[in-house]
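A structural walkthrough
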Amino acid sequence: MTARKPSRNVPEPVPPTPEAPLPAEPAEPAVATATTATTATTEPPAAEAVATRAPAAPARRGKRAAPPRPRRAGGQGVRPAPALDAGDRARLLAGEHHAPHDLLGAHQIRGGVALRVLRPFARTVTVLAKGLRTELHDDGDGLFSGLLPMPALPEYQLLVAYDDNEIEIHDPYRFLPALGELDLHLIGEGRHEELWTALGARTMEHQGVAGTRFTLWAPNARGVRVSGDFNYWDGTGFPMRSLGSSGVWELFLPGIGEGALYKFDVCRPDGSHTLRADPMARHTEVPPRNASVVTASHHVWQDQEWMAHRGDVPVHEAPLSVYEVHLPSWRPGLTYRQLAEQLPAYVRDLGFTHVELMPVAEHPFGGSWGYQVTGFYAPTSRMGSPDDFRFLVDALHRAGIGVIADWVPAHFPRDDWALAEFDGRPLYEHADPRRAAHPDWGTLEFDYGRTEVRNFLVANATYWCEEFHIDGLRVDAVASMLYLDYSREEGQWAPNEHGGRENLDAVAFLQEMNATVYRRNPGVVTIAEESTAWDGVTRATHHTGPGGFGGLGFGLKWNMGWMHDSLEYVSKEPVHRKYHHHEMTFSMVYAYSENYVLPISHDEVVHGKRSLVGKMPGDWWQQRANHRAYLGFMWAHPGKQLLFMGQEFAQGAEWSEGHGPDWWLLDPSYAAESDHRGVRTLVGELNAVYARTPALWQRDTEPEGFAWVDGNAAEDNVFSFLRFDAHGAPLLAVCNFSPVVRHDYRVGVPDGPESWAEVLNTDEARYGGGGVGNEEPLKPEAVGAHGRDTSVTLTLPPLATVWLRPV
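Here the focus is unusual backbone geometry. Across the junction of P287 and P288, the peptide omega takes the value 15 degrees, indicating a cis bond. Along the chain, the position of P288 falls in the loop between β15 (273–276) and β16 (292–293). Phi at D141 takes a positive value of approximately 60 degrees, unusual for a residue other than glycine. For D141, the location among the structural elements is in the loop between β5 (137–140) and β6 (143–148). Of note in the backbone geometry, Q207 takes a positive phi value of approximately 55 degrees without being a glycine. Structurally, the position occupied by Q207 is in the loop between β9 (200–206) and β10 (209–217).

All right, on to the pairing of strand β14 (residues 261–267) then. Of all 7 residues in β14, 7 are buried, a share of seventy percent or more. Here β14 shows two buried faces, one formed by L261, K263, D265 and C267 and the other by Y262, F264 and V266. The pairing of strand β11 (residues 223–228) with β14 spans 6 bridges and is classified as antiparallel. Looking across to β14, one finds that V226 is bridged to F264. Strand direction decides the pairing type here: β14 and β16, joined by 2 bridges, are antiparallel.

Moving on to the layout of surface pockets. What the largest pocket holds in volume is close to 660 Å³. For the largest pocket, the lining is made up of 29 residues, of which R310, V313, P314, V315 and G523 are closest to its centre. Looking at the lining of the largest pocket, the element that brings in the most residues is helix α4 (residues 304–309), giving 3 residues. A class-by-class count of the residues in the lining of the largest pocket yields 13 nonpolar, 11 polar and 5 charged.

It is worth spelling out the packing of aromatic side chains at this point. Scanning the entire structure with this criterion turns up 48 aromatic pairs. Note on W196 and Y463: the rings are 5.2 Å apart at their centroids and 65 degrees apart in plane angle, and the pair reads as edge-to-face. Taken together, the residues W196 in the loop between α3 (181–189) and β9 and Y463 in helix α9 (residues 451–467) connect sequence positions 267 residues apart. An identical accessibility class is assigned to W196 and Y463; each is buried. Aromatic side chains Y590 and Y596 sit 5.9 Å apart centroid to centroid with 80 degrees between the ring planes, which places their arrangement in the edge-to-face category. Neither residue differs from the other here; Y590 and Y596 are each classed as buried. The ring of W330 is capped by R331, whose NZ or CZ atom sits 5.2 Å from the centre of that ring.

Turning next to the confidence of the model for the protein. Overall, the prediction assigns the protein a mean pLDDT of 91, with 90% of residues at 70 or greater. In this model, residues 1–76 is a region of pLDDT below 50 whose contacts with residues beyond four sequence positions or in other chains number 184 contacts.

Attention now goes to the nonpolar core. Counting 175 residues, the largest nonpolar core has F214, L327 and F389 as its most contacted members. The biggest single contributor to this core is α9, with 9 residues. In this structure, V125, M150, L158 and I169 belong to the second largest nonpolar core, which totals 21 residues.

Moving on, we come to helix α15 (residues 620–636). Along its 17 residues, α15 runs 25 Å from first to last C-alpha, staying within 8% of the 24 Å computed at 1.5 Å per residue. In terms of residue burial, α15 counts as a mostly covered element, since 14 of its 17 residues are buried. Looking at where α15 begins, the residue whose side-chain oxygen comes 3.2 Å from the main-chain nitrogen of W621 is D619.

Analysis parameters
- Residues numbered from 1 in each chain as written.
- Predicted model: local features only at pLDDT ≥ 70, side-chain atom pairs only at ≥ 80, totals over all residues.
- Heavy atoms only, no water.
- Helix = DSSP H or I, 4+ residues; strand = E, 2+ residues; numbered from the N terminus.
- Buried < 20%, exposed > 50% of the residue type's maximum accessible area, 1.4 Å probe, protein only.
- Pairing = 2+ DSSP bridges.
- 1 Å grid on protein atoms, 1.4 Å probe; cavity = no way out; pocket = protein on both sides within 12 Å on 5 of 7 lines; lining within 4 Å.
- Points joined across faces, edges and corners; volume = space filled by probe spheres on them.
- Nonpolar A, V, L, I, M, F, W, Y, C, P; charged D, E, K, R; others polar.
- Phe/Tyr/Trp six-rings, centres within 6.5 Å; stacked < 30°, edge-to-face > 60°.
- Lys NZ or Arg CZ within 6 Å of the ring centre and 35° of its normal.
- pLDDT = per-residue confidence, 0-100.
- Contact = heavy atoms within 4.5 Å.
- Core = buried A, V, L, I, M, F, W, Y, C linked by side-chain atoms within 4.5 Å.
- Expected span 1.5 Å × (residues − 1).
- Polar contact = N/O pair within 3.5 Å; in protein donor to acceptor, adjacent residues only side chain to side chain.

So, in structure tokens, the structure goes:
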């Protein structure tokens, strides 16, 4: 991951323009009236319906007029309820009360039922119950109360009158908590593996009434209120209750449904207030706006066959060829559903088995490419809704393409409406500033030792797999998590309890995350972007290594060493390559220490690093030839492959998130279109031959699956090696990184095959090459070479890779 700019703070929602004024008073949730027959429904009304019934409000707050005298119904009257304790009243109005349900709603007391309502800006509030319709006393400051002459708590509704209209609502404070004890217990233990079902905004039917349950973990808050477009962003009348010592706050709002915008008004320990987006929001406004959105999924999945069989073969024994995509810029302007019409067909045509999506979780600053996440549970709204994203994943699966998503648990930005000091104190970040601030990106690091924070992240990993059918998680910046001294000078970090530099909390978190994901989601793979020599990244968590740690439990690891070394080699002029020969062979010294992916990712084609073809020396023909030869070497090397978009057709410019790949290079009207089309054709052929050749993937993690023929031909700039499948069937790869044709080049081969034939040659004319090759099968000779009794002689094209198989 490269350095990224910090995300921008965004202003809160603003009121409408003077041409279409909105009332300043809070609107109430829309519900059926008491005089209308109703039928319970599982789908809450849309937020738009709430807004259309919103009351108008006075232009400014002023002294409230004296309330009218109470009306009587059926000969019954209402007396004032007992006055609130002055402290309770002050805390309630200030948004600091931990138990507003104890003060508001209906309560049985001596002499009847005390009913108290908090409705700022209301002119009157009338209680509607069976046999009763009576107006409450105005106690000032938006509080209304009455002592109802009733022997038991009634089922009631409220008729709230404003200056220009009135609405009939259910009282949110007559409902029991909508979150169960088991949920709270699991949250407290940090082991709620489906945390997204317990926290956040969830539409539901509760006590026979449709609405939305709002829940939030904020243990340091003095009080929390729900603020949204349904109350004109004034949460005064919507305080939440604290559910014991769990740190969780809860409020069920009847009548609030999908599409409603909301935030949480959090009262900090010092009494100040902060308006925060929901950390568990599953949908958000389109940036730069940042409110959370109430949502529910209605997508009907059609990928049952894919899901049933994706785990049939372990990923390290299966073909895995990955096309890395930045969705917002792949085809700029397309929605998820429009991408679903184009991306699966394009990837399938190229033969890749998977796509890897750069982070799709919500982020405020597009220039971070998604790596500074504020909405960990929400796919970015830039391209559509969460169900639209599900539609895209579904389409890829139905095209036979797996989906890997970049996941970023290493850090988060400091935006004051997001996670930073969420409830007034360090909560998601570590309390020790030396462990909270990320030294490279101006962001904050998670406190992996806190059970609730670890739960937030572990549940998030499995959330993407279960709710969106993601097939793999590529975990970003793992090295920055593992080391306490990562990018820190002496004195800027403190050692762990054993005096070491390892972040033991991060190790435990990664182990728990991997174990949980693999247990709950068969067939899913986790992939670490880990740039150091940490021991056991892809070792099982219960297997202890030499360093005393269990494995981290990842399925695969990006081979950053191979990427750096091989790119360093091919960037050299051929005349100098013999002095760097070991950079291409060194990877085989450690090739089986982990399960590897060979990545040519977005990080290698930005910020002045040049595109892949742009790294190559020589004129345009030589650059493309080097590019093709390198891809042939990469696809034959042990490990899985990953190629970033644009490199499949030799884009000359660096990638930019602003405009994406240069698709015009493939326009037939462009004079050099055939040059780029040829490289794209080669990539498709590489994937096709790869998929039908088990020797190239079946034993990627077994030393017996590879053998050098000659890894020391530095003067020739040639590398030759064999790959073997599970049955011993070989494939011979010979890479000539010199610009000269080598005739009658002898290489040793295994005994047995009667002839060898080319199955791929990167110098073919249809790829843009010179057409030099071996058209006829090659007959082995009983001539010793490279330690073998049998050998073949072949013609090596310049700057090319040739693959041969026994006929």
